[in-house]
Structure formats: structure tokens, C-alpha cells
Amino acid sequence: MAATPVTPARRAALDVSSAVRDGLRLDVAFGRVARSLESRDRAFAHELSFGVGRLRGRLDHLLHARVRGGLERLDAPVLDVLRLGAYQVLYMGSVPRYAAISQSVEQAAEVAGRGAGGLVNAVLRAVAATGDGAELFPAPESDPVGYLSAWGSHPRWLVERWLAQWSFVDVLALVQGNNRQPPLTLVPLEQSPTEAASRLMEIGIDARVVGEGTDCVRLLPGTDPAEALRHVRGLIQDPGANLVSRYADPPEGTKIADLCAAPGGKALLSARRASFIVAADRSEVRMRRLRQNAVRTGTPLGLVVADGRRPPLRAMDVVTLDVPCTGTGTLRRHPDGRWRLRPATLTELVRVQHELIDGAASLVAPGGLLVYSTCSLEPEENHEQVAAFRDRNPDFRVEATDAVPARYRDAEGHLVVRPWRTGFDGAFAARLRRAS
């Protein structure tokens with residue numbers, strides 16, 4: 001009997017895996033590969049690609065026990081096929097197991113020959129037979145790091161860092177949240193959240209006000225965000241990021257510089273209160289996206305391609321700085337990010353942040369405001385970075401604001417958003433007032 005051709009969605013998912021392995025970010029790779037797929041195939045490929053990104057550690061643990069000699073002996077394309085096949089077998093209930101296995105066998109044969117197809121067939125049949133029960137993973141009581149890295153599907157070094165700071169229960173909740181599909185939320189620019197949700201419901205888009213001190217409206221999974229934005233002028237932003245925007249709390253009528261602005265969500269919100277705002281970023285490609293968002297929302301922004309470490313601007317009333325960071329507070333949105341990170345990445349980013357915050361401080365007028373923020377959970381990028389900056393610049397002090405509920409502020413007045421406590425993306429911000 002002739003083999004059934006591999007479906008376009010599965011081909012796309014394998015192409016995405018290959019592109020990510022070559023260094024492309026998952027969201028970028030998917031956007032490029034899947035743009036020509038029909039909507040049903042695109043949805044299938046998205047669930048498969050992002051699901052494997054989230055559960056790669058769990059899948060590898062299960063596969064390793066079924067491959068003689070371990071996964072290290074496999075060619076990378078064959079391992080990609082195994083991960084995609086195992087995810088379909090274990091976590092895509094709509095896919096018959098025989099179809100997941102037979103399609104994976106065909107893919108393996110295409111990329112590495114019939115011998116690879118036979119290996120994939122045997123391994124996936126074994127995975128289907130044994131499943132993913134708790135007995136197949138390290139016990140959380142005796143080996144919490146092993147459990148959270150294997151079942152929890154996170155790099156071991158990152159789990160060890162988190163367990164040194166927080167309880168097992170908190171870290172377990174964090175990794176569980178990172179392994180779920182994140183919600184889609186919209187921030188209206190002209191209406192209240194209640195008005196925006198009502199408008200969306202009127203046109204058949206299920207929407208709910210998030211509340212909890214945010215301006216967000218949650219959209220039902222599967223909603224086309226572009227369709228929602230056609231009816232409500234706004235932007236897509238997680239509640240954690242929205243709390244950073246609220247916490248910045250720039251005074252009305254001030255001149256604002258946003259030095260790491262792309263893709264522009266925080267700049268668009270700040271523009272509602274500014275007399276003038278200039279948005280800068282060193283990436284011309286990212287600045288083009290920001291300009292598109294500004295045009296779409298009808299928001300006037302001054303745009304400049306510039307390095308925030310050496311900003312070509314004069315003194316401003318308010319300077320906002322959402323620095324490049326490890327993004328450990330947003331790993332549910334960028335599941336491949338956890339596998340890209342290395343301890344050396346953190347060290348290098350802390351150095352860049354140091355240079356950026358010093359560059360930003362040079363623009364803050366006497367009596368002005370500097371707002372430093374990250375989407376990281378790591379203390380070196382957050383509290384420690386701000387403390388070191390204040391040691392170098394004693395004329396800056398943390399200034400608390402009641403623009404966000406007190407439960408999001410620590411004793412010093414910083415914004416701290418923990419994903420396992422809120423269900424939002426993680427975030428940190430410090431609002432620093434310069435002495436007059």
C-alpha cells in the first residue's frame with residue numbers, strides 16, 4: 001500500500017523546527033513558513049510547533065528512554081521528527097495515533113532514509129504504549145530539580161536559579177504556567193475596557209474585562225486579533241506589560257523619550273499623556289513595525305533609529321527604558337526562549353542594561369523621571385541593576401505611585417509582577433525621580 005503523503009501542516013512544523021535550530025526565533029520562523037497555509041493547516045502547525053517548543057524537555061526525557069544510545073546519537077532532523085510525532089501522540093487528542101506515527105515515519109524517511117523511518121516507528125509506538133505518567137519522571141519529593149526540568153520542561157540551570165529564590169510550589173506554578181498557551185488581551189486607546197468589551201461582544205467577538213488594576217480586555221482563544229483591532233482602536237498587550245505602562249504614570253503634558261521603544265505598545269500608551277514623545281530603538285526593522293502601529297492607531301510619535309546607550313537627544317521630562325532582557329517572565333509567549341538562554345546570556349544582558357540605564361539617565365532633566373523596566377524575573381536584571389545604578393547616581397530615588405494597586409509594589413516602591421500569583425506575564429519596573 002502506498003504511503004500517505006505528509007500533510008502540509010506537518011511539513012510546515014518540521015520546517016519551523018529546522019529554522020529554529022538554525023537560530024531563528026520560533027515566532028519569526030513560524031510567520032515565514034506558515035504564511036501560505038490555509039487557516040486549518042496553520043492552526044494545526046501552530047499548535048504543534050509551539051507545543052513542542054514548550055514541552056521539548058518533557059518530550060526529550062520520554063524519548064531518551066526509548067532510543068538506544070540516547071538522543072545524542074540522532075541526526076538533528078530525525079530528533080525534530082520524533083519530538084513532533086511524540087507531541088501529536090501524547091498531547092493532540094484530535095490526531096489518531098496511527099496517523100501521527102505513520103506521518104512521522106514518512107517524514108523521517110524523507111529526511112534521513114528508510115532506516116530512520118523504522119527507528120521513528122519503533123520509538124513512537126513505545127511512547128504511545130507507555131504514555132507520560134508520573135512514574136516516568138523524577139519524583140518531585142526527592143529530586144525537585146529533575147522533576148521541574150524534565151516534566152516541567154525547563155533548562156536545569158534555570159530551575160536551580162528559581163528554586164534558590166522561591167519555594168517549590170511557586171516554581172512549579174511558574175513552569176506550569178509557562179507550558180500553557182497564553183491568553184490574548186487587548187488594551188483600548190479611546191474607550192474604557194468595559195466599553196471596548198461591549199463593542200466587541202456586539203460584533204460577535206467574545207471579550208471579558210480583565211480588571212485587577214489593568215486596562216486589558218481578554219479575547220476568547222482563537223480570536224483573530226486583527227479583526228478585534230478593526231473594531232476597537234487599541235493594541236495587543238499582556239496585563240503584566242500594561243501594569244508597567246500604568247506604573248510609569250507620566251505627568252500630563254510632559255516631553256517623553258522612550259529609548260527601547262519597539263514594537264511600541266508602551267510608547268503608544270504614554271503618548272496619550274505627553275505633549276511630545278520621541279520613540280527610539282537601534283533596530284531599523286523593529287522601528288518600521290513601530291511606525292506601522294503608530295499609523296494604524298493614529299498616534300503621533302517622533303521616531304528615530306538610535307542606540308539608547310548614546311541617545312542623540314536633549315534633556316527630557318520623562319525617559320522610559322524597557323531594556324533587552326532574558327525575558328524569563330514571558331516564556332509562555334516565547335517557549336523557545338528558555339532553550340536559547342545560557343548563564344552567559346544573563347551576564348551579557350546585565351552589562352548592556354548597565355550601559356542603557358546610564359545612557360538614559362543622561363537625558364533626564366533635573367526633577368525629571370526615569371522609568372526602568374524588564375520582563376525578567378532575575379534579580380540581577382531588576383532590583384540589583386537598579387540598586388547599582390542608584391549607587392552610581394545618588395541624585396535618583398525611587399518614587400512610589402498609586403497608579404497601580406499596592407499588591408504589585410514592593411516595600412521600596414518597585415513594580416513586581418509574578419506570573420504564578422497573577423496569571424500575567426512577569427514584569428519589573430522602577431520609577432526613579434531625579435533631584436531638582
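Shown above is the structure to which this text applies.
In this report, we go over the structure that sits alongside the text. (Residues numbered from 1 in each chain as written. Predicted model: local features only at pLDDT ≥ 70, side-chain atom pairs only at ≥ 80, totals over all residues. Heavy atoms only, no water.)

For the protein, the helix and strand inventory stands at 18 helices and twelve strands. For 436 residues, the compact-globule estimate of 2.2 N^0.38 gives 22 Å, and the C-alpha radius of gyration of the protein, at 23 Å, lies within 12% of that figure. Seen along its three principal axes, the alpha-carbon backbone of the protein occupies a region of about 80 × 50 × 35 Å. Burial analysis of the protein (436 residues in total) assigns 53% to the buried set. Of the contacts formed within the protein by residues at least 6 apart in sequence, a portion of 69% connects residues at least 24 apart. Total accessible area on the protein is roughly 19,500 Å²; 51% of this is exposed by carbon and sulfur atoms. Computed over 56 positive and 50 negative side-chain charges, the inter-centroid distance for the protein is 3 Å. (Helix = DSSP H or I, 4+ residues; strand = E, 2+ residues; numbered from the N terminus. Rg over C-alpha atoms; globule rule 2.2 N^0.38 Å. Buried < 20%, exposed > 50% of the residue type's maximum accessible area, 1.4 Å probe, protein only. Contact = heavy atoms within 4.5 Å. Areas by Shrake-Rupley, 256 points an atom, 1.4 Å probe, with all protein chains shown as cover. Lys, Arg positive; Asp, Glu negative; His and termini not counted. Charge placed at Lys NZ, Arg CZ, Asp CG, Glu CD.)

So, on to the pattern of salt bridges. Tallying each qualifying case throughout the model produces 35 salt bridges. Arg21 is the partner of Asp80 in a salt bridge, and the nearest nitrogen-oxygen pair spans 2.7 Å. Placement of Asp80 in helix 4 (residues 76-91) and of Arg21 in helix 1 (residues 8-21) is noted, with a sequence separation of 59 residues between them. Across the pair Arg407 and Glu212 runs a salt bridge, and its minimum N-O distance is 2.8 Å. Of the two residues, Arg407 is situated in the loop between strand 10 (396-398) and strand 11 (415-417) and Glu212 in the loop between strand 2 (207-209) and strand 3 (217-219); the sequence distance between them amounts to 195 residues. Here Arg407 falls in the exposed class, since its relative accessible area comes to 54%. Through salt bridges with shared partners, a single ionic network connects Asp307, Arg309, Arg310, Glu348, Arg351 and Glu355. (Salt bridge = Lys/Arg side-chain N within 4 Å of Asp/Glu carboxyl O.)

Take helix 14 (residues 284-297) next. The terminal C-alpha atoms of helix 14, which comprises 14 residues, lie 20 Å apart, in line with the 20 Å expected from a rise of 1.5 Å per residue. Restricting attention to buried positions, one finds in helix 14 the residues Met287, Leu290, Ala294 and Thr297. End-on, the buried residues of helix 14 take up no more than an arc of 90°, which puts them together on one face. Helix 14 presents Val285, Gln292 and Val295 as exposed residues on the side facing more than 90 degrees away from its buried surface. Against the buried residues of helix 14 lie strand 4 (234-236), helix 13 (265-270), strand 6 (274-281) and strand 7 (302-305). (Expected span 1.5 Å × (residues − 1). Arc of directions from axis to C-beta.)

The biggest cluster of nonpolar side chains holds 61 residues, and the ones touching the most others in it are Leu48, Leu82, Val120 and Trp162. Here Leu48 is in contact with Ala13, Leu84, Tyr87, Gln88 and Met92, once residues within four sequence places are set aside. The next biggest cluster of nonpolar side chains, apart from the first, holds 33 residues, and it includes Val187, Leu268, Val404 and Val417. (Core = buried A, V, L, I, M, F, W, Y, C linked by side-chain atoms within 4.5 Å.)

What follows covers helix 9 (residues 168-178). If you check which residues of helix 9 are buried, you get Val171, Leu172, Leu174, Val175 and Asn178. The arc enclosing the buried residues of helix 9, seen along the axis, measures out at 160°, which places them on a common side. Where the residues of helix 9 are buried, they touch helix 3 (39-64), helix 7 (144-150), helix 8 (156-165), helix 15 (337-340) and helix 18 (419-422).

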